[in-house]
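Spelled out from the first residue to the last, the chains are:
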Amino acid sequence: MTTHGTDLAPLRRVSAQLYRQNAFRLTGVPLSATARDIRRQSDMLAILEKTGAPLPVPDLLPLRPEPSSADIRAALDRLADPRQRLVDEFFWFWPVGGGSSSGGGDDSRGADTGEDPALAALAAGDTQAAARLWAAMAENSDRQVPAPDAANALHNVAVLGHLQALDAELTPGSEPPDWVLVYRRWGDVLRDHQVWSGLEERIRRAADARLDADLADTIRTGLPAALLSIGAGLAAEAIAAGERDRAERQLTAMRGARLGSDAEETLGAALRTAGAPWADEIDRLCDSAVGVANGTRKEGLAQAERILTESTGTLERLDLLLPADESTRVRTRDRVAVETLTCLLAFDQARDRPEPPTESSVREQQRMSAATVRAEGVAASETVRERLAENRRILEAATQSFTCWFCEEEPGVSAAMEIWMHGDITRTYPRVSWRNTKVTVPRCSSCESRTSRRQGAAVLRCALYLLVAISIPTMLFPGSGGGFIALAVFAAFAALLVDVLAAVAPAGRREKARLDSFPVLKDLTARGWNRGEKPLGIGNV
């Protein structure tokens, strides 16, 4: 079974509304209805519309809410199109029992519900009884049911299960349908040649030149794509509604469906079609952002961030719908990453680079670096990730030079630390020579204030301890001499030492360790250089 070079038009328009738009369900006419019967039904509808009388309710699975007269008239019009009628017949119940079959008899296009006990049960509202009767006839283990009737029953079981599943999906609060069973039943229909022989016989007996002899094969070939496209649409709707469990149930059932030899390829095409609106949405976003960035380069950074932010939800939906290696998903993710970089490059070409850097320019550099990191995480292909990684490394190296080394968040130009280092000391009596350099460590005003507050707090503690040490003995033991005061001062110094070691020193050690780890200082220290503009003991030279 192949889809190549085949006209699949009869099933291209099927959707989750398949059974709610089925002409036989809407109008209640039997499959055996002739063109004359349909005209009579149309005339009756016109009379009811003029008189305002209530519309008749079909016996089989009437819709709730009831369809309008316009809906019924559109359904009658569809029955006038033999190809559309055949599709609606295929997705409705075929006669079983009473000696009728799809392959013979004058009523091969329909039957009274009285001839089929399952249809009679369905008309009475007992869908479970109808399903059991058709399932028993389809199994036909005792060979008591004619083969055409068994095939029709097999077909009806699939149609009823599919109809109930779609009705449940379209009815809020309904129990989740068993889509694995639905697809398994349709797989049985696809593999049952008697079903398709019956459809060919229906086409022959219709004797309509507009129905070609190969139409049964066309429907058989297109059925897997039609079924899976409905399922993919339901999965996409569930994802968009945030109903992840519902979407996963549908996707799992579709992946396990045995619907022909090309099932995997057909499923991929169905999922791509369902996800195409999301991919198109991202394409429009990228086109818009790049257009703005190329027109006004200074807007490039804002447009890069816009692409990353506004595409996040859509990419997440595509990720849930499509496999990781699916071409649409890979292409869309790569486009977001590449166009983000395009906007950043446009901004980089136009941005100001003041010397020395300002807080504003450093913040722009930080935003560029962060956007590149995000874009690298979005990219799906290795080639695009490598391109983003190269640009990220360049930006990170530049950003690190101007970002506070201590908090790693704020620009570090406002309160940068300047530390002299000296090394390569050569002593040639009586002269001493050395090399020195000034290292600038980025630090923000907040981190500088934090250090100042900590040092100020230490001084305040010291003063407080001394005040307490002097005042308390003086008040408690007036005129007792300096012995108590000296003892109290000693105790105060001991308490101060404990306080400093417990509260102040750890923070100071952490800050010193962080400072020592600054790459330039760390490298110089490893080469034997020391702090200070010159070696100890050297006068002004």
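To keep things clear, this report deals only with the structure shown in the data block. The model shown is predicted, which means the values in this text are computed figures rather than measured ones.

### Describing the overall build of the protein
And step 1. Summing up its helical and strand segments, the protein has 19 helices and three strands in all.
And step 2. Across the 541 residues in the protein, those meeting the buried criterion constitute 41%.
And step 3. Taking the contacts inside the protein whose residues are at least 6 apart along the sequence as the reference set, 72% of them involve residues at least 24 apart.
And step 4. Split by element, the accessible area of the protein, about 28,300 Å² in all, is 53% carbon and sulfur.

### A look at helix 9 (residues 193–206)
Owing to its 3.6 residues per turn, the α-helix aligns residues three or four sequence positions apart on the same side.
And step 1. Its 14 residues place the ends of helix 9 20 Å apart at the C-alpha level, agreeing with the 20 Å of an ideal helix rising 1.5 Å per residue.
And step 2. For helix 9, every residue scored as buried is listed here: V195, W196, G198, L199, E201, R202 and I203.
And step 3. The inward-facing, buried residues of helix 9 contact helix 4 (82–90), helix 7 (147–169), helix 8 (179–191) and helix 10 (215–240).
And step 4. A207 lies just past helix 9 and shows a positive phi near 50°.

### Describing the packing of helix 10 against helix 11 (residues 244–256)
And step 1. Close contact between helix 10 and helix 11 brings their axes to 8 Å; oriented N to C, the two are set at 155°. Judged by the inter-axis angle, helix 10 sits roughly antiparallel to helix 11. Of the two possible hands of crossing, helix 10 and helix 11 adopt the one that is left-handed. Across from L228, G231, A232, L234, A235, E237, A238 and I239 in helix 10, the residues of helix 11 making contact are R246, A247, Q250, L251 and M254.

### Here we look at the pairing of strand 1 (residues 417–428)
And step 1. Direction of pairing for strand 1 relative to strand 2 (residues 431–441): antiparallel, over a ladder of 10 bridges. Looking at strand 2, one finds that H422 is bridged to N436.
And step 2. Counted between consecutive antiparallel strands, the loop separating strand 1 from strand 2 contains two residues.
And step 3. Both strand 1 and strand 3 (residues 530–531) contribute to a ladder of two bridges, which runs antiparallel. Counterpart to M421 in the pairing with strand 3 is R531.

### Some remarks on the pattern of salt bridges
And step 1. With the rule as written, the count across this model stands at 34 salt bridges.
And step 2. In this structure, the salt-bridge partner of E201 is R205, at a minimum N-O distance of 2.9 Å. One end of the pair, E201, and the other, R205, are both in helix 9, four residues apart, so they sit about a helical turn from each other.
And step 3. Since its relative accessible area comes to 13%, E201 is described here as buried.
And step 4. Here R331 ties to D283 by a salt bridge, and the two come within 3.3 Å at their closest N and O atoms. Taken together, the residues R331 in helix 14 (residues 327–350) and D283 in helix 12 (residues 263–295) connect sequence positions 48 residues apart.
And step 5. Accessibility expressed as a relative area gives 15% for D283, which makes it buried.
And step 6. One network of salt bridges, with partners in common, ties together D283, D287, R331, R335 and E339.

### Side note on the nonpolar core
And step 1. If you look at the biggest cluster of nonpolar residues, it comprises 112 residues, and the most contacted ones within it are F91, F93, W134 and W186.
And step 2. When residues of this core are assigned to their parent elements, the largest contribution, 14 residues, is made by helix 10.
And step 3. Grouped together as the second largest cluster of nonpolar side chains are 15 residues, M417, C444, L515 and L521 included.

### Digging into unusual backbone geometry
And step 1. The omega torsion of the bond from R64 to P65 falls at 0°, within 30 degrees of zero and hence cis.
And step 2. Looking at the element boundaries, P65 is found in the loop between helix 2 (35–51) and helix 3 (69–79).
And step 3. At L61, a residue that is not glycine, the phi angle is positive and equals roughly 45°.
And step 4. Looking at where L61 falls in the secondary structure, it is placed in the loop between helix 2 and helix 3.

How each quantity is defined
Each chain has its residues counted from 1, running along the sequence as written. Note on the predicted model: pLDDT of at least 70 is required for a residue's local features to be given, and 80 or more for side-chain atom pairs to be given and counted; whole-chain, interface and lining totals, by contrast, use all residues. With hydrogens and water excluded, all non-hydrogen atoms of the structure serve as input to the side-chain values. Elements are defined by DSSP. Helices are runs of H or I of four residues or more, strands are runs of E of two residues or more, and each kind is numbered from the N terminus. We call a residue buried when its accessible area falls under 20% of the maximum for its residue type, exposed when it is over 50%, and partly exposed in between, using a 1.4 Å probe and counting protein chains only. We call two residues contacting when some pair of their heavy atoms lies within 4.5 Å. Throughout, the Shrake-Rupley method with a 1.4 Å probe supplies accessible areas, and for residues the shown protein chains are the sole cover considered. Under the convention used throughout, the expected extent of a helix is 1.5 Å for every residue step, that is, one less than its residue count. Axis lines are fitted through C-alpha atoms, for helices just across the contact stretch, and the angle between N-to-C directions can take any value from 0 to 180 degrees. Angle categories: roughly parallel below 35 degrees, roughly antiparallel above 145, roughly perpendicular from 65 to 115, and oblique for all the rest. Crossing handedness follows the turn of the near helix against the far one: under a right angle anticlockwise gives a left-handed crossing, and clockwise gives a right-handed one. Any two strands with at least two DSSP-identified bridges between them are counted as paired. For this analysis, a salt bridge means a side-chain nitrogen from Lys or Arg found within 4 Å of a carboxyl oxygen belonging to Asp or Glu. In these notes, a set of buried Ala, Val, Leu, Ile, Met, Phe, Trp, Tyr and Cys residues joined through side-chain atoms within 4.5 Å is what counts as a nonpolar core.

Honestly, that's just the spatial picture; any functional story needs more than this.
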